[in-house]
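Close look at the chain arrangement
What follows is each chain in one-letter form.
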Amino acid sequence: MKLGRRQFITAAGVTGIAGLAGCSGGPSSDTTATDADGDDSDGEETDTDGGANAATNVGIVYATGGLGDGSFNDQAQQGLQQAESEFDLQTNSLQPQEVSEFGSLQQQFASSTDPSYDLISCIGFLQADALGETATQYPDKDFQIVDSVPTNDSDEQYDNVASYTFREHEGSYLAGTMAGLLTLNSFSAGAGETQSDSTNLGFVGGVESSLIQKFEAGFVAGANAVNTDIDVQTNYTGSFNDPSAGREAASSMYSSGSDIVFHASGNTGTGVFQAAQEAGKFAIGVDRDQSVTRESYADVILASMVKRVDTAVYSAVEAKVNDNFETGSTTTLGLDDDGVELVLGQQLGSELPDNVVTEVESTRQAIIDGEIDVPSDPSNV
């Protein structure tokens, strides 16, 4: 039986995730810290209507690329929105243009006395170095960071920082399994198609790092598990906010025979979708259901490897509100606790062959059961 539009590969995952931090389709229509279209991206502080008597003050520093990326930052914002709808909060957000701004923006929240922030959330691994300095300078402040585990010179976690990480390679393995199965067959849906004589796939990453390489490793391993002859072209653009670079990288891959390109590159991935439409091929999104957040490209987005950044943000705020926020700790989320998931595209998901959906479902369970050990380093694939 084929899964319906926007369903998770495993139906049980839908209720579990939605119950924690909302659906994966996109930000809610509630009042937000910053406009979701990313217009307010000049680094100025903006307020939500949290109320003068808000019990908990939360400041969030987004990753470069800002809100409106349809991906990583928007997913983090969704978690904050969910927390705002359930708890008595006052929230403010800052959007850096460059990595060099992270330290000053973190410190802007940490040094504030009106309001005094109870929790400062730092989104993205590129904030780790700056946070190490900020956390040291402000030992009485509590921080959250997503996608990194900063350590001091003694290789110890900072006492006032809680880290939230993900097993991105597990969800990416499912994306690779799906892509590998489709590229070995002739498949047509929406504006894309694959050719049965192709054994070529593509991966576009943002900034090359051990984190983004986890996406690459899982994707390549999943594809190779289907057929060891499948070749995956890889390109790191060096940016999470350069759609033109994503378009150029993916166009080259499609021209070289790739049927499907998976990206882990934030807003750079918008260019990957553009290239897929131009080539009449397919793409796989990341972090959110990008067939929804990038709806104009839904006719080429087979699926998205959703990463529950919203769950991480929501959980940290919830813990702080309930006075059980644990610093000096790391929470890691994978397939078994709905931290990552492969979500079928809104338009194309119902068109996928039954055997492909079934194989991805069984592969997901095998990973959870420990029958498949997914590599997190491309050199180990």
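Quick caveat: nothing in here was measured; it's all calculated off a predicted structure. All residue numbers refer to positions counted from 1 along the written sequence of the respective chain. At least 70 in pLDDT is required for a residue's local features to be given in this predicted model, at least 80 for side-chain atom pairs to be given and counted, and no such filter applies to totals for whole chains, interfaces and linings, which use all residues. In computing side-chain values, all of the structure's heavy atoms are included and hydrogens and water are not.

Salt bridges are counted wherever a side-chain nitrogen of Lys or Arg sits within 4 Å of a carboxyl oxygen of Asp or Glu. Scanning the entire structure with this criterion turns up 11 salt bridges. Across the pair arginine 247 and glutamate 278 runs a salt bridge whose closest N-O atoms are separated by 2.3 Å. Taken as a pair, arginine 247 in helix α7 (residues 243–255) and glutamate 278 in helix α8 (residues 269–279) lie far apart in primary sequence, 31 residues in all. Relative accessibility under 20% of the residue-type maximum defines a buried residue, over 50% an exposed one, and the middle range a partly exposed one, all with a 1.4 Å probe and only protein chains included. Relative accessible area serves as the criterion here: at 37%, arginine 247 is assigned to the partly exposed category. The closest approach of N and O atoms between arginine 308 and aspartate 310, which form a salt bridge, is 2.7 Å. There is no split in this pair, since arginine 308 and aspartate 310 are both buried. Here the salt bridges do not stand alone but share partners, grouping Asp147, Glu168, Lys214 and Lys307 into one network. Strands here are runs of E lasting at least two residues and helices are runs of H or I lasting at least four, both read from the DSSP assignment and numbered beginning at the N terminus.

Here a cavity is any set of points on a 1 Å grid over the protein atoms alone where a 1.4 Å probe fits but cannot get out, and a pocket is any open set with protein on both sides within 12 Å along at least 5 of 7 lines; a residue lines the site when it has an atom within 4 Å of a point. Grid points are joined across faces, edges and corners, and a volume is the space filled by probe spheres set on the points. Inspection of the entire model under this criterion finds one cavity of 30 Å³ or more. Roughly 230 Å³ of volume is contained in the largest cavity. Lining the largest cavity are 21 residues, with Phe72, Phe125, Ile212, Phe240 and Asp287 positioned closest to its centre. For the lining of the largest cavity, the elements supplying multiple residues, two or more each, are α2 (72–86), α6 (210–226) and β12 (282–287). Looking at which element gives the most residues to the lining of the largest cavity, the answer is α6, with three residues. Under the scheme applied here, ten amino acids are nonpolar (Ala, Val, Leu, Ile, Met, Phe, Trp, Tyr, Cys and Pro), four are charged (Asp, Glu, Lys and Arg), and all others, including Gly, are polar. Classifying every residue of the lining of the largest cavity by side-chain character gives 10 nonpolar, seven polar and four charged.

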